[in-house]
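Architecture and fold: a report
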Amino acid sequence: MTAPPVIDVPLREGLRIGGETVHRDRVIEVRYPYTGEVIATVPKATIDDVKRAFRVARQYKPTLTRHERYKILMRAGEIIATRKDALARLITLESGLCLKDTLYEVGRASDVLLFAANQALVDDGQVFSCDLTHHGKQRKVYTLREPLQGVISAITPFNHPLNQVIHKVAPSVATNNRMVLKPTEKTPLAALALADILYEAGLPPPMLQVVTGDPGEIADEMLTNADVDLVTFTGGVPIGKYIAAKAVYKRTVLELGGNDPLIVMDDADLDKAAELAASGSYKNSGQRCTAVKRILVHEKVAGAFTEALLARTKAWTYGDPLDPTVDMGTVIDEKAALHFEGLVNEAVTMGARLLHGNVRRGASYSPTLLDRVHPDMPLVKFETFGPVSPVITFKDRDDAIRIVNGTAFGLSSGLCTNRLDDITYFVRHLVVGSVNVWEVPGYRLELTPFGGIKDSGLGYKEGVQEAMKSFTNTKTYSLPW
């Protein structure tokens, strides 16, 4: 250990509902995955707490002007920038992600607030002239976007404890909505810290309330409460489908799993491609829906590419997440690490070749590289949410497309080639939400549309602009001039 697991960010006691603190004897322990030590406790909310939070939110009528929303979001970004190191350490302690990754995440959070603040100033109306056809009139039709009548229910996962939260919270604030947020019980601390920063920046507490608790106890209330208009969820496919069925007549925005490929064609710069493969596989301990989960390499260059990736995999350091020189911390818990170890062992028994890694100690799991992987192996047929690089060879671009499209997922992809005909062909034929040429599948701006299809989501996009559209109702009116 380079330092004891001490939290530098003040954490509130009790639940804060509508600006009032509610104390509960029941708590949930938050553990540091690297050592298993308890670093904090958070309240274990009851169903009545959740109902009260939604009731308070529904009864509150936001009156913030666009400029006031802009100022709150910008001020929150300034506060986060001044507390960058402390917030990164907080995320590391609750998630096991290394400081390199959590410092980057805090920087991304500031970007989200900046984009949301500026989008709050954008006039979102349209104007249509009505004399466009022979039976038209001298009128104009106008549109405007209004906040939802009800409350937004937001549920977030463990893999980006701050960024996944802020991608829901910032657009909600920018559109003058009210939100009740339930972060995962595994990593709730960053969400609580963000809420307190927004309050400090001037946000009225009824516009954002955070409830922490056991999902088995309170999750259904987050989906079925009568005051909820929209449920926004990021997480696994089974839970996403459960939400879609349970929420019934409510809008749902579901950002689910991914099985994202990096495709390496035979004309690719192999060193550059290997660098993308390593960073795409191992950053954030491989725990991203857009991480590189499958590496498809043209058979002509598979040997040379794999050697280049092996060198980078061996050089990728892992261990103590609080060591600022370490490239990778732990995964979220020992159960997850055991799962990855089992999938890799299974792939080896099915004919894959382990080239490096598959070393586990508690929640610590090494960067791992395999080749001779077949597309039907569970390791690559389903989403492996950890730092594993499975290399699959293909014969030509149609073979690669068949493999990519052969799973239930359709989130994102990366492509390494300089041939324009191949680029346009892959863009047309890959059944995914995005294609990044000479970048990892996860590349995006916080402003741009993001999301997948098939089991990766319903096709509704996230990203600040798209989330703001989802979080509003369009009203149309016409005038005789």
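Structure first, text after, so check above.
Cut-offs applied
Residues numbered from 1 in each chain as written. Predicted model: local features only at pLDDT ≥ 70, side-chain atom pairs only at ≥ 80, totals over all residues. Heavy atoms only, no water. Helix = DSSP H or I, 4+ residues; strand = E, 2+ residues; numbered from the N terminus. Rg over C-alpha atoms; globule rule 2.2 N^0.38 Å. Contact = heavy atoms within 4.5 Å. Areas by Shrake-Rupley, 256 points an atom, 1.4 Å probe, with all protein chains shown as cover. Lys, Arg positive; Asp, Glu negative; His and termini not counted. Charge placed at Lys NZ, Arg CZ, Asp CG, Glu CD. Pairing = 2+ DSSP bridges. Axes fitted to C-alpha atoms, helices over the stretch in contact; angles between N-to-C directions. Parallel < 35°, antiparallel > 145°, perpendicular 65-115°, else oblique. Left-handed = near helix turned anticlockwise from the far one by under 90°. Nonpolar A, V, L, I, M, F, W, Y, C, P; charged D, E, K, R; others polar. Expected span 1.5 Å × (residues − 1). Buried < 20%, exposed > 50% of the residue type's maximum accessible area, 1.4 Å probe, protein only. Right-handed = clockwise from strand over helix to strand, strands pointing away. 1 Å grid on protein atoms, 1.4 Å probe; cavity = no way out; pocket = protein on both sides within 12 Å on 5 of 7 lines; lining within 4 Å. Points joined across faces, edges and corners; volume = space filled by probe spheres on them.

1. Overview of the overall build of the chain
- Across its full length, the chain carries 15 helices and 23 strands.
- In summary, the chain has a C-alpha radius of gyration of 23 Å against a globular reference of 23 Å for 481 residues, a match within 12%.
- Considered along the principal axes of its C-alpha atoms, the chain spans approximately 70 × 70 × 40 Å.
- Contacts spanning at least 24 positions in sequence make up 72% of the contacts within the chain whose residues lie at least 6 apart.
- Of the roughly 19,500 Å² of accessible surface on the chain, 53% is carried by carbon and sulfur atoms.
- Here the chain contributes 56 positively and 57 negatively charged side chains, and the mean placements of these two sets differ by 5 Å.

2. What to know about the sheet that holds strand β10 (residues 228-234)
- Spatial strand order, β9-β8-β7-β10-β11: five strands in an open sheet with parallel pairing. The open sheet has two edge strands with one neighbour each: β9 (208-210) and β11 (251-255). In this sheet, neighbouring strand axes are inclined to one another by 15° on average, regardless of whether the strands run parallel or antiparallel.

3. A look at the packing of helix α13 (residues 397-404) against helix α14 (residues 420-429)
- The geometry of α13 relative to α14 is characterised by a closest axis approach of 11 Å and an angle of 30° between their N-to-C directions. In terms of orientation, α13 lies roughly parallel with respect to α14. For the crossing formed where α13 meets α14, the hand is right-handed. Across the interface between the two elements, Arg397, Asp398, Ala400 and Ile401 from α13 touch Asp421, Asp422, Tyr425, Phe426 and His429 from α14.
- In terms of residue class, the contact of α13 with α14 is made up of four nonpolar, one polar and four charged.

4. Re helix α2 (residues 66-82)
- Relative to the 24 Å expected for 17 residues at 1.5 Å per residue, α2 spans 25 Å between its end C-alpha atoms, a close match to the ideal helical length.
- Check the buried side of α2 and you find it contacts α3 (84-95), α4 (99-120), α5 (163-174) and α6 (189-200).

5. Observations regarding the sheet that holds strand β18 (residues 388-394)
- What the seven strands build is an open sheet, ordered β14-β17-β18-β13-β12-β20-β21; its pairing is mixed. Among the strands making up the open sheet, the edge pair consists of β14 (353-356) and β21 (436-437).
- With four bridges joining them, strand β13 (residues 294-298) and β18 adopt parallel strand pairing. In the strand pairing of β18, histidine 298 is matched with phenylalanine 394.
- Those strands touched by helix α10 (residues 302-315) are β12 (261-264), β13, β14, β17 (368-371) and β18, and its axis lies near 165° from that of β17.

6. Thoughts on the environment of methionine 74
- Looking at the element boundaries, methionine 74 is found in helix α2.
- Take methionine 74: its relative accessible area is 24%, and that puts it in the partly exposed class.
- Along the backbone, methionine 74 and tyrosine 425 are 351 residues apart, and their C-alpha atoms lie at a distance of 42 Å.
- If sequence neighbours within four positions are ignored, methionine 74 has contacts with Leu114 and Ala117.

7. Topic: the pairing of β13
- Among the five residues in β13, five count as buried, and that is most of the element.
- Residues of β13 alternate between two faces, with Arg294, Leu296 and His298 on one and Ile295 and Val297 on the opposite face, all of them buried.
- With helix α9 (residues 270-282) bridging β12 and its parallel neighbour β13, the resulting β-α-β unit is right-handed.

8. Observations regarding the layout of surface pockets
- Each pocket or cavity is described by its volume, and for the largest pocket that value is around 1,000 Å³.
- What lines the largest pocket is a set of 37 residues, and nearest its centre among them are Phe158, Lys186, Gly235, Gly236 and Ile239.
- Contributing elements (two or more residues each) for the lining of the largest pocket: β7 (151-156), α7 (215-224), β10, α8 (237-247) and α11 (334-349).
- Examining the composition of the lining of the largest pocket, we find that five residues originate from one element, α8, more than from any other.
- Considered class by class, the residues forming the lining of the largest pocket number 20 nonpolar, 10 polar and seven charged.
- Estimated volume of the second largest pocket: approximately 620 Å³.
- If you trace the second largest pocket, you find 30 residues lining it, with Tyr104, Arg108, His160, Arg288 and Gly442 closest to the centre.
- Contributing elements (two or more residues each) for the lining of the second largest pocket: α4, α5 and α9.
- No other element matches the eight residues that α4 contributes to the lining of the second largest pocket.
- By residue class, the composition of the lining of the second largest pocket is seven nonpolar, 11 polar and 12 charged.

9. Let's talk about α7
- Buried residues of α7: Ile218, Ala219, Glu221, Met222 and Leu223, and no others.
- Next to the buried residues of α7 lie α1 (47-59), β7, β8 (179-183), β10 and α8.

10. Quick notes on the environment of alanine 245
- Its place among the elements puts alanine 245 in helix α8.
- The class for alanine 245 is exposed, based on a relative accessible area of 58%.
- Here the alpha-carbon distance between alanine 245 and glutamine 465, two residues 220 residues apart in the chain, equals 27 Å.

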